Amino acid sequence: MPLPIWTIGFGIFAQGTSELMLAGILPEMAADLGVTIPRAGALISAFALGMLVGAPVLAVLTLRWPRRLALLVFLGAFGLTHITSALTDSYGLLFAMRFIGAFAYAGFWAVGASTAMAMAGPERRGRAMSVVAGGLTLAIVLGLPAGTWIGQHLGWRGAFWAVTVLSAIAAAAITAVIPGLRPENPPSLRAELRGLAPPRLWLSYAMTAVATTALLGTFSYLAAMLLTTTGLAPARVPAVLFGYGLGALVGITIGGSTADRFPRAILGIGFAGLVITSLLLALGAEHTAATVVLVFALGLLGFSTNPALNSRFTAIAPNAPVLAVSGNISAFNVGIALGPWLGGLALASGHDYPAIPVMGAALAGAALLLWGWDLALQKRRRPRDAQAEPALARN
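Remember, it's a predicted structure, so these values are computed and weren't measured experimentally.

*Asks:* Looking at this structure, how should I read the overall build of the chain?
*Replies:* If you tally the helices and strands in the chain, you get 16 helices and zero strands. By residue count, 54% of the 395 residues in the chain fall in the buried class. Within the structure as shown, the chain displays about 16600 Å² of accessible surface, and the carbon and sulfur contribution to it stands at 69%.

This is the structure:
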């Protein structure tokens with residue numbers, strides 16, 4: 001892959017670390033800001049809401065922007081929000097900065113993905129996207145435990161400064177290696193909007209949102225549960241979170257290698273596995289060995305479905321290549337926003353931390369039902385397609 005594509009992947013790693021690291025430093029942030037852990041967890045939802053809004057809006061607004069300029073503008077805005085966050089004592093301002101930073105991050109995703117595919121050419125677009133998305137995978141495997149370690153030893157503000165430095169390095173690299181390309185033949189907004197009509201597209205969005213809510217509710221309060229329910233020493237929490245990230249890496253690898261051949265099977269297995277793992281985590285949260293294994297399994301099963309969820313839109317909505325994908329980014333972030341919020345509601349109502357994976361199991365069960373509905377719609381279409389083939393042949 002050309003060096004500019006790896007540079008874009010590094011930019012995703014820098015910003016994705018910020019998206020994920022709060023799950024590991026919620027107790028420190030809550031104590032320093034003088035708020036409850038559920039209220040600190042709402043900062044994860046704020047980031048997800050920024051991504052949710054930013055993905056479709058900036059996918060449209062950046063259709064004709066020069067690529068390098070757009071990447072630098074979004075990365076610069078992201079860095080400024082983290083400088084402000086590291087300096088403020090105001091929860092309200094920090095909440096706003098999380099939203100604005102995520103909005104810019106969504107723009108970087110939209111422009112970075114299109115730039116990488118344009119540079120790679122039609123034959124290597126899949127590989128280019130694997131490099132770009134690999135930045136987020138690296139953020140899960142390395143950025144999350146590293147951010148947790150920095151937060152524990154240098155304070156949560158130190159983690160924000162670290163992300164700022166990574167973003168500055170990414171900006172320098174982008175300035176050096178990415179040319180100021182303009183997109184050729186930008187798609188028509190009207191055609192894209194018409195391409196969003198298929199009902200299965202919106203069913204897929206619902207599947208993505210519900211499954212992500214199931215996973216992120218548990219993930220967002222994982223560090224707090226490890227400290228309070230499992231009784232781990234703070235120094236051991238980053239290692240367990242590394243296990244989650246390693247499981248996510250294995251899950252994405254397995255899901256990516258099977259999504260093209262067995263897309264329906266990987267979704268069904270992943271959702272069913274998430275139900276079982278979440279229930280077992282709730283039951284075994286007081287036992288260290290079981291919890292460590294189940295946290296790894298949670299990452300593996302939760303992320304194994306992502307490649308299939310991301311790749312199905314080309315076939316379902318071929319006439320909306322930009323908005324269909326950005327809509328799925330928004331669906332993921334609906335789940336990222338709802339998961340911490342619902343988990344916070346469970347804690348605020350007096351439940352202990354194991355209640356959150358129980359909620360996750362119920363939501364994963366709902367995703368499994370949506371998957372079954374999608375299968376039924378596919379089977380209903382096949383007879384129609386078979387009937388239409390003779391008529392098409394005559395025409």
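There's more to say after this.
*Asks:* I'm lost on the nonpolar core in this one. Help?
*Replies:* Among soluble globular proteins, nonpolar side chains are generally buried collectively. Counting 99 residues, the largest nonpolar core has M29, F108, F160, Y244 and Y353 as its most contacted members. Of all the elements, helix α1 (residues 3-33) adds the most residues to this core, at 13 residues. Here Y353 is in contact with I37, Y221, A224, M225, T228, T229 and L347, once residues within four sequence places are set aside. By size, the runner-up hydrophobic cluster in this structure holds ten residues, among which are L196, Y205, A317 and A324.

*Asks:* Where do I start with a nonpolar patch on the surface in this structure?
*Replies:* There is a patch of nonpolar side chains on the surface, built from L49, V53, V57, L61, F99 and I100 and spanning about 450 Å² of accessible area. In this structure, F99 sits in helix α4 (residues 91-120).

*Asks:* How should helix α15 (residues 323-348) be read in this particular structure?
*Replies:* Since there are 3.6 residues in each turn of an α-helix, residues three or four apart along the chain are aligned in direction. Look at α15: 37 Å from first C-alpha to last across 26 residues, which is about the 38 Å you get at 1.5 Å a residue. At the exit of α15 stands G350, carrying a positive phi of roughly 105 degrees.

*Asks:* What is the right way to read the packing of aromatic side chains from this model?
*Replies:* Each aromatic ring pair is described using two quantities: the centre-to-centre distance and the angle formed by the ring planes. Inspection of the entire model under this criterion finds eight aromatic pairs. Note on W156 and F160: the rings are 5.4 Å apart at their centroids and 85 degrees apart in plane angle, and the pair reads as edge-to-face. Note that W156 and F160 are positioned in helix α6 (residues 156-177) at a spacing of four residues, about one turn of the helix. Note on W156: relative accessible area 2%, which makes it buried.

*Asks:* For this particular structure, what's the right way to read the packing of α1 against helix α2 (residues 37-61)?
*Replies:* Relative placement of two packed helices is described by the angle separating their axes and the distance separating the axes. As a packed pair, α1 and α2 sit with axes 8 Å apart at the nearest point and diverge in direction by 170 degrees. The angle between α1 and α2 falls in the class roughly antiparallel. Residues Q15, S18, E19, L22, A23, L26, P27, M29 and A30 of α1 form the contact with α2, whose own contacting residues are I37, A40, G41, L43, I44 and F47. In the contact of α1 with α2, the residues fall into eleven nonpolar, three polar and one charged.

*Asks:* What's the story with the packing of α1 against α6 in this structure? I'm lost.
*Replies:* Remark: α1 packs on α6, axes separated minimally by 8 Å, with the N-to-C direction vectors making an angle of 170 degrees. Taken as axis vectors, α1 and α6 run roughly antiparallel relative to one another. Here the residues of the contact of α1 with α6 sort into 20 nonpolar, five polar and three charged.

The rules we used
Residues numbered from 1 in each chain as written. Predicted model: local features only at pLDDT ≥ 70, side-chain atom pairs only at ≥ 80, totals over all residues. Heavy atoms only, no water. Helix = DSSP H or I, 4+ residues; strand = E, 2+ residues; numbered from the N terminus. Buried < 20%, exposed > 50% of the residue type's maximum accessible area, 1.4 Å probe, protein only. Areas by Shrake-Rupley, 256 points an atom, 1.4 Å probe, with all protein chains shown as cover. Core = buried A, V, L, I, M, F, W, Y, C linked by side-chain atoms within 4.5 Å. Contact = heavy atoms within 4.5 Å. Patch = residues over 30% accessible without salt bridge, like charges linked within 9 Å, V, L, I, M, F, W, Y side chains within 5 Å. Salt bridge = Lys/Arg side-chain N within 4 Å of Asp/Glu carboxyl O. Expected span 1.5 Å × (residues − 1). Phe/Tyr/Trp six-rings, centres within 6.5 Å; stacked < 30°, edge-to-face > 60°. Axes fitted to C-alpha atoms, helices over the stretch in contact; angles between N-to-C directions. Parallel < 35°, antiparallel > 145°, perpendicular 65-115°, else oblique. Nonpolar A, V, L, I, M, F, W, Y, C, P; charged D, E, K, R; others polar.

So, to be careful, I would describe these as geometric facts and stop short of saying anything about function.
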